[in-house]
Amino acid sequence: MITLVADSTALNLSSLCGQKYFYEQVLSLVSARLTPVKTVTETEGGAYLNKGDLLHTFLRIYYKLRKRDVPFNACRELALEYGRTYAITLHDVPIHVCEHIARQFSAYCEFYRHENWKIVEVEHYFAKELYRDDEIRIIYEGIIDLFVEAEGIQGAVPVDHKSSKRRQAFTNMGNQFKGYCWASGANRCFVNKVGFQKTLAPKERFQREPKHFSRAILDEWKSHAVYHLKELAWRLSEDVWPMDETSCDKFGGCSYRQICETPPSGRGFRIFRDYSIRIPWNPAEAADDHKREEDWLDNKLV
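Described below are features of the structure shown in this document. (Residues numbered from 1 in each chain as written. Predicted model: local features only at pLDDT ≥ 70, side-chain atom pairs only at ≥ 80, totals over all residues. Heavy atoms only, no water.)

Describing the overall build of the protein chain
Then comes step 1: Each helix and strand in the protein chain was counted, giving 11 helices and eight strands.
Then comes step 2: Against the 2.2 N^0.38 benchmark of 19 Å for 302 residues, the protein chain shows a C-alpha radius of gyration of 21 Å, consistent with a compact globule.
Then comes step 3: In terms of overall dimensions, the protein chain has C-alpha extents of about 60 × 45 × 35 Å along its principal axes.
Then comes step 4: Split into buried and exposed, the 302 residues of the protein chain put 44% on the buried side.
Then comes step 5: Considering only residue pairs separated by 6 or more positions, the protein chain has 70% of its internal contacts joining residues 24 or more positions apart.
Then comes step 6: Total accessible area on the protein chain stands at roughly 16500 Å², and carbon and sulfur atoms take up 53% of it.
Then comes step 7: The protein chain carries 42 positive and 42 negative side-chain charges, and their two centres are separated by 5 Å. (Helix = DSSP H or I, 4+ residues; strand = E, 2+ residues; numbered from the N terminus. Rg over C-alpha atoms; globule rule 2.2 N^0.38 Å. Buried < 20%, exposed > 50% of the residue type's maximum accessible area, 1.4 Å probe, protein only. Contact = heavy atoms within 4.5 Å. Areas by Shrake-Rupley, 256 points an atom, 1.4 Å probe, with all protein chains shown as cover. Lys, Arg positive; Asp, Glu negative; His and termini not counted. Charge placed at Lys NZ, Arg CZ, Asp CG, Glu CD.)

What about the environment of Phe22?
Then comes step 1: Its location among the elements puts Phe22 in helix H2 (residues 18–26).
Then comes step 2: Here the alpha-carbon distance between Phe22 and Asp239, two residues 217 residues apart in the chain, equals 9.1 Å.
Then comes step 3: Apart from residues no more than four positions distant in its own chain, Phe22 is found in contact with Leu27, Asp239 and Trp241.

Observations concerning the pairing of strand E5 (residues 157–164)
Then comes step 1: For E5, a buried count of eight out of eight residues is recorded, marking the element as mostly surrounded by other parts of the structure.
Then comes step 2: Burial of E5 is two-sided: the residues Val157, Val159, His161 and Ser163 facing one way and the residues Pro158, Asp160, Lys162 and Ser164 facing the other way are all buried.
Then comes step 3: When strand E4 (residues 136–149) meets E5, the two strands line up antiparallel, connected through three bridges. For Val148, the partnering residue across the bridge sits in E5 and is Val157.
Then comes step 4: As paired elements, E5 and strand E6 (residues 188–195) share six bridges and run parallel to each other. (Pairing = 2+ DSSP bridges.)

Observations concerning the packing of aromatic side chains
Then comes step 1: In total, this model carries 19 aromatic pairs according to the counting rule given.
Then comes step 2: The interplanar angle of 35 degrees and the centroid separation of 5.7 Å between the aromatic rings of Tyr23 and Tyr256 together place this pair among those described as tilted. Of the two residues, Tyr23 is situated in helix H2 and Tyr256 in the loop between helix H8 (215–238) and helix H9 (257–261); the sequence distance between them amounts to 233 residues. Like Tyr256, Tyr23 is buried.
Then comes step 3: Ring geometry for Phe126 and Tyr180: centres 6.2 Å apart, planes at 90 degrees, overall edge-to-face. (Phe/Tyr/Trp six-rings, centres within 6.5 Å; stacked < 30°, edge-to-face > 60°.)

So, the environment of Leu90
Then comes step 1: Locating Leu90 in the fold gives a position in the loop between helix H4 (72–88) and helix H5 (95–111).
Then comes step 2: In sequence terms Leu90 and Leu54 are 36 residues apart; their C-alpha atoms lie 9.7 Å from each other.

So, the pattern of salt bridges
Then comes step 1: Using the criterion set out here, one finds 25 salt bridges in the structure.
Then comes step 2: A salt bridge links Asp298 to Arg68; the nearest nitrogen and oxygen atoms lie 2.9 Å apart. Taken together, the residues Asp298 in helix H11 (residues 283–300) and Arg68 in the loop between helix H3 (44–67) and H4 connect sequence positions 230 residues apart.
Then comes step 3: Accessibility expressed as a relative area gives 37% for Asp298, which makes it partly exposed.
Then comes step 4: For Arg68, a relative accessible area of 31% translates into the label partly exposed.
Then comes step 5: Note that Glu115 and Arg208 form a salt bridge whose closest N and O atoms lie 2.6 Å from each other. Taken together, the residues Glu115 in the loop between H5 and strand E3 (118–132) and Arg208 in strand E7 (residues 206–212) connect sequence positions 93 residues apart.
Then comes step 6: Classification of Glu115 by relative accessible area gives buried; the value is 14%. (Salt bridge = Lys/Arg side-chain N within 4 Å of Asp/Glu carboxyl O.)

A look at H2
Then comes step 1: Those residues of H2 not exposed but buried are Gly18, Gln19, Tyr21, Phe22, Tyr23 and Glu24.
Then comes step 2: Where H2 is buried, its residues meet helix H1 (8–14), strand E2 (29–31), H8, H9 and helix H10 (267–274).
Then comes step 3: Backbone geometry just after H2 places Ser28 at a positive phi near 60 degrees.

A few points about the side chain of Arg76
Then comes step 1: Checked against the element boundaries, Arg76 lands in helix H4.
Then comes step 2: You can call Arg76 buried: its relative accessible area is 12%.
Then comes step 3: A polar contact is formed between the side chain of Arg76 and the side chain of Glu110, at a distance of 3.1 Å.
Then comes step 4: Discounting residues that sit within four places of it in the chain, Arg76 has contacts with Tyr62, Phe105, Ser106, Cys109, Glu110 and Arg113. (Polar contact = N/O pair within 3.5 Å; in protein donor to acceptor, adjacent residues only side chain to side chain.)

As structure tokens, then:
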């Protein structure tokens, strides 16, 4: 029996271009132009990834402390201390970028100082069986930023943090939020939006967008996800990665387009020259990081 483990990113890519999936998920390639952290202020991709990672670190520590019923000021100050220490390990991240994120995080905390969310769990990893037959087993995995209990809502609700430098509404059509609800057995979730805009008031930068999905919608999502992931399992077994040449110019252009435009005999050199290999996400390493954070918090709260 074949076992396929996939997350929302793999599911998104599996229904798009086969070559893009191969380069991003199988070879773990990233364009060398986006690799240095110092490109955080020059490159849209770098800015989004690095700002989002730092913000998630601040929020993760803050809500771990909130879960422990630590007083508000201590939650915020300890999260700022940990986040700034973490930023140092990113080496080339400019100090002013880190401080801008820290200020936005601090403003977020102040804006929601009296929120009524009860923190149930922080960064919950899940791996749930999506499908099984005699030939294949599909496991759907992911990390949910928060589970909260909120007034007027029955049961724990998943929350996903989203950072952005522009105002953005998130559609109900997408794999991430539906997948979170399916995996957790919930019929709703919150998108916790944290804006990096300098000119907007806090009530415009910090918004929580509810998403609601009926059981019929989630059943439909599951059916479509199984279809795409079964096809992905076949591609992996046969090593077949067809191009979708209608997607090359979407979203500002595919970062792997230069490889596909190169004759097959020269693609190895193109990859060697212009791309690097990123370290794939590993749930076991994430668990180790979680343990280190908990130990750090224990020491600080003694």
